Amino acid sequence: KNKKKIMCGIIGIASNKPVSINIINSLKKLEYRGYDSAGLATLTDDSINEKKCSGRVEELEKILFKAPSNGNIGIGHVRWATHGVPNIINAHPHSSEQVSVVHNGIIENSDEIKRELVSKGLKFKSQTDTEVITLLITEALKENEPLKSVYKTLKKLKGSFALGIIFKNFSNIIIGARRGSPLAVGYSKEENYIGSDSYALKSMTNKISYLDDGELCVLTKDQISFYDESLKKINKKIHTMSESETAIDKGEYKHFMLKEIYEQPITIKNCISEYVDSLKKNINIINFPIEPNNINKIVLVGCGTAYNSCLTAKYWFEELTTIDVEIDIASEFRYRKLKFNSKNLYIFVSQSGETADTAAALDLCKKNNVKTCSIVNVIESTIARNSDWVLPIHAGTEIGVASTKAFLGQLTVLYILCLKLAIVRKDIDERTYVKNINNLKKLPEAIKECINIESNVQLMAKEFLSAKGSMFLGRGSSFPIALEGALKLKELSYLHAEGYPAGEMKHGPLALIEEGLPVIILAPKDKYFEKTLSNMQEVIARGGKILFITDNKKDSLNENIRFGLRVPHLDNLLSPILLTLPLQMLAYHVALLKNCDVDKPRNLAKSVTVE
Ligand code: M6R
């Protein structure tokens, strides 16, 4: 059974001029959501004109260059397949003679509907779940006008979707619909848009509305009408995006990832200034959903890099507060048999705010009537909108699939939240609070210093090229950073890497160490320092090639260490943030040396909107 599950980007433009070039430009921006195949459909001379390709939008652009698509109304799609080979047939749009559909999401009852339609004699061209939507609408159009046809179709669908639909015989409209997958709607003069996110629409408009679940919209070039789930006409709020929200480009940098690494002193400075009142030496976090003294436990949930930030924060909460902390990976949390407690604060960490597992974990909490907080970069996201309380990380749009500035932003906000809870609950005294705030304010400069060691990191990167694998080791709050360093290296350079607590090596993984295996040792001068050095000796004794990263001012390097890097020291609490920088750059440079696609690593996508 070749069922396709997709996590994709969609775009639709209704205009008074040809739309294919703008569709291509928007699809390029949506490639962070998927880049396995791409396609568009426009309406020309009363017929649907479809162009598709497997691979990147660049390929689609080449096809259009040879055979341009006219048409003032069109829809486009980029796809990320989790099952089956992504090919032209399964690429979107999926069209019949009457209707063309782009879809982001999963139709869970597609097999059932398919059987029904096949028994009526209808034929399917692809193996996708989306094609059932195309055929259902086509059938409904025999007796209904477009909006009613879409509405009736949606009633039959189980699962999640954001849809863009055009119609051969109603050549001035695009219909958009949302259930579970995000859909933004944009307004401009003589042109209107739908898109999976506001970023895809940024170069065309800064006026955006968001469909909520169950809602539909009908666009023409000069009008947008919205409908609720019972097809009653509704009004939507229009959000005007600021200039900083709309400006995105690589500038002088070779890759978005490098730009995002270099932006971190600024993004962290912005983040700190959003939360810290420098004059009063206080943190402006108010309106806690639970009175801080009544918080029984904090439960932190995220995926991938966001999970690593939760794990780091656990060490901070334990060090600075008396609150009990639990952490979980969202895809595990959502299926566990949990004991929900109204005195627990459930915090969801996500750059995109659209990660399906994290969003589902949040929904589970809502169903169980507990208080939720989200720490997100995209404040218009599903997770932000669905949580009781939002703490944005203010990192600006992150394009590189490998998360860098968002990770540091998540850590910074979690640290700030921890400090605030600690002082409000009187778990720390005023002097410690002010000292920690003062150190925090030095963080952007210290991050800048870390970035300056890039040339040393470049040298270190060469050590990974011929290696079979690598290990990243740390203790205490350096352990999650070891995990993050290994995750970055894996995702960018396709080399095997393991992150481990250094003290755990002798319980198994030490068997992996052999002559020349690169082992990164994270050894800040904290209470674990001496112990980490002993663990390092165990690795040296077995032939591991040591790459040592520390903030220790005294020379702890010796002839057994192949490479040493020193990051600045502010205080032990902030060392995980500073240790991250060389690891981000290391992964970047290994990927460059291996000629990997840095901004779009294979098999991945920026926003993981499927389970
Ligand atoms: O958007 P989110 O923060 O929810 O995404 C979670 C993970 O998919 C993400 O952090 C992923 O692990 C990154 N590609 C790692 O660099």
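Just so you know, these numbers come straight off a predicted model, no measurement behind them.

Undergrad: What exactly am I supposed to notice about the site of the ligand here?
TA: Taken together, 14 residues surround the ligand, and among them S350, Q351, S352, T355 and E491 come closest. A distance of 3.0 Å separates an oxygen atom of the ligand from a polar atom in the side chain of K488. Protein chains bury 90% of the 420 Å² of accessible surface belonging to the ligand in isolation. Among the secondary structure elements, those contributing two or more residues to the shell around the ligand are α9 (304-320) and α17 (478-493). Ranked by residues supplied to the shell around the ligand, first place goes to α9 with three residues. When its residues are assigned to classes, the shell around the ligand shows five nonpolar, seven polar and two charged.

Undergrad: Whenever I open this one, the side chain of Q351 confuses me. Can you help?
TA: Looking at the secondary structure, you find Q351 in the loop between β20 (344-350) and α11 (356-367). Judged by its relative accessible area of 12%, Q351 is buried. Residues contacting Q351, with those up to four places away along its chain left out, are V376, N377, V378, E398, A406, Q410 and K606.

Undergrad: Even after reading the chapter, I still don't get the pattern of salt bridges, so can you show me in this structure?
TA: The tally for this structure, following the rule as stated, stands at 27 salt bridges. The shortest N-O distance in the salt bridge between K28 and E61 comes to 2.9 Å. Here E61 lies in helix α2 (residues 57-66) and K28 lies in helix α1 (residues 20-30), a separation of 33 residues in the sequence. Judged by its relative accessible area of 35%, K28 is partly exposed. In the salt-bridge network here, residues are joined through shared partners; they are D212, E215, K236 and R385.

Undergrad: I tried to follow the sheet that holds strand β14 (residues 233-234) on my own but got confused; where do I start?
TA: Backbone-to-backbone hydrogen bonds join strands into a sheet, with any given pair of strands oriented parallel or antiparallel. Spatially, seven strands are ordered β5-β6-β7-β8-β12-β13-β14 in an open sheet, and the strand pairing comes out antiparallel. Whereas interior strands pair on both sides, the edge strands pair on one side only; in this sheet they are β5 (94-95) and β14. With two bridges connecting them, β5 and strand β6 (residues 99-107) associate as antiparallel partners. Its bridge partner being in β6, H94 is matched across the sheet by V101. Relative to strand β8 (residues 170-179), helix α5 (residues 146-156) is tilted by about 25°, and along the sheet it contacts β7 (159-167), β8, β12 (216-220) and β13 (223-227).

Reading the values: the criteria
Residues numbered from 1 in each chain as written. Predicted model: local features only at pLDDT ≥ 70, side-chain atom pairs only at ≥ 80, totals over all residues. Heavy atoms only, no water. Near = heavy atom within 4 Å. Polar contact = N/O pair within 3.5 Å; in protein donor to acceptor, adjacent residues only side chain to side chain. Areas by Shrake-Rupley, 256 points an atom, 1.4 Å probe, with all protein chains shown as cover. Helix = DSSP H or I, 4+ residues; strand = E, 2+ residues; numbered from the N terminus. Nonpolar A, V, L, I, M, F, W, Y, C, P; charged D, E, K, R; others polar. Buried < 20%, exposed > 50% of the residue type's maximum accessible area, 1.4 Å probe, protein only. Contact = heavy atoms within 4.5 Å. Salt bridge = Lys/Arg side-chain N within 4 Å of Asp/Glu carboxyl O. Pairing = 2+ DSSP bridges. Axes fitted to C-alpha atoms, helices over the stretch in contact; angles between N-to-C directions.

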